[in-house]
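Residue-level listing of the chains:
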Amino acid sequence: MAGWGEYNSPLYLEKTTIYIGEHALLVEVANTDESRQRGLMFRKKLGENEGMIFIFPNEDYLSFWMKNTLIPLSIGYFSKDKKLIDVYEMAPNQTQVLYHSTQKVMYAVEANPRWFAKRGLGKNSVLKIESRFIARP
């Protein structure tokens, strides 16, 4: 479809580089209801160190699913103090499986499969993001 951008997304989102531990990830910023609902749906590819950060206005239990998501992804949930709480490997185009955070969180990061595991990132790894993107209640 014309005008959808390189990765077949109808939304043009701001990009920034975040760090998890010392590992850089170029992410699109999903910080509106529309962009959070759309996520990485309909994408056909994702660069090796690219992904999306979902920023929520308040801390809460989150659940993600893979409806209309054509590529497998890893998701990491982060608390309001930016510590990694959970990581899940998500299969493409699943509508029956939900991936729930086990604690209240404020951020979610999606990346390529096993992105977190390949870098040895586990519970309490720290998310670093520009202050202008930090969620404020």
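These figures come from a predicted structure and were not determined experimentally.

1. What about the overall build of the chain?
Helix and strand content of the chain: 2 helices and 9 strands. Of the regular secondary structure in the chain, the N- to C-terminal order runs β-β-α-β-β-β-β-β-β-α-β. For the chain, buried positions account for 47% of its 137 residues. Within the chain, contacts between residues separated by at least 24 positions form 69% of all contacts whose residues are at least 6 apart in sequence. Entry remark: accessible area of the chain is about 7,200 Å², with carbon and sulfur atoms responsible for 50%.

2. Topic: the packing of aromatic side chains
The geometry of two aromatic rings is summed up by the distance between their centres and the angle between their planes. Tallied over the full model, the rule gives 6 aromatic pairs. When the ring of Y88 is compared with that of Y99, the centres are 6.0 Å apart and the planes differ by 50 degrees; the resulting orientation is tilted. Of the two residues, Y88 is situated in strand β6 (residues 84–90) and Y99 in strand β7 (residues 99–100); the sequence distance between them amounts to 11 residues. Arranged with centres 5.4 Å apart and planes meeting at 85 degrees, the rings of W115 and F116 form a pair that is edge-to-face. Through a chain of ring-to-ring contacts, three or more aromatic side chains come together here, namely F54, F56, F64, Y77, Y88 and Y99.

3. Here's the deal with the sheet that holds strand β1 (residues 15–20)
Hydrogen bonds along the backbone pair up the strands of a sheet, which may run parallel or antiparallel. As summarised here, the arrangement of the 7 strands in space is β6-β5-β8-β3-β2-β1-β9, forming an open sheet in which the pairing is mixed. Only two strands of the sheet have a single neighbouring strand rather than two, namely β6 and β9 (127–128). Examined bridge by bridge, β1 and strand β2 (residues 23–30) share 6 bridges and lie antiparallel to one another. Pairing of I20 across the sheet is with H23, part of β2.

Cut-off values and rules
- Residues numbered from 1 in each chain as written.
- Predicted model: local features only at pLDDT ≥ 70, side-chain atom pairs only at ≥ 80, totals over all residues.
- Heavy atoms only, no water.
- Helix = DSSP H or I, 4+ residues; strand = E, 2+ residues; numbered from the N terminus.
- Buried < 20%, exposed > 50% of the residue type's maximum accessible area, 1.4 Å probe, protein only.
- Contact = heavy atoms within 4.5 Å.
- Areas by Shrake-Rupley, 256 points an atom, 1.4 Å probe, with all protein chains shown as cover.
- Phe/Tyr/Trp six-rings, centres within 6.5 Å; stacked < 30°, edge-to-face > 60°.
- Pairing = 2+ DSSP bridges.

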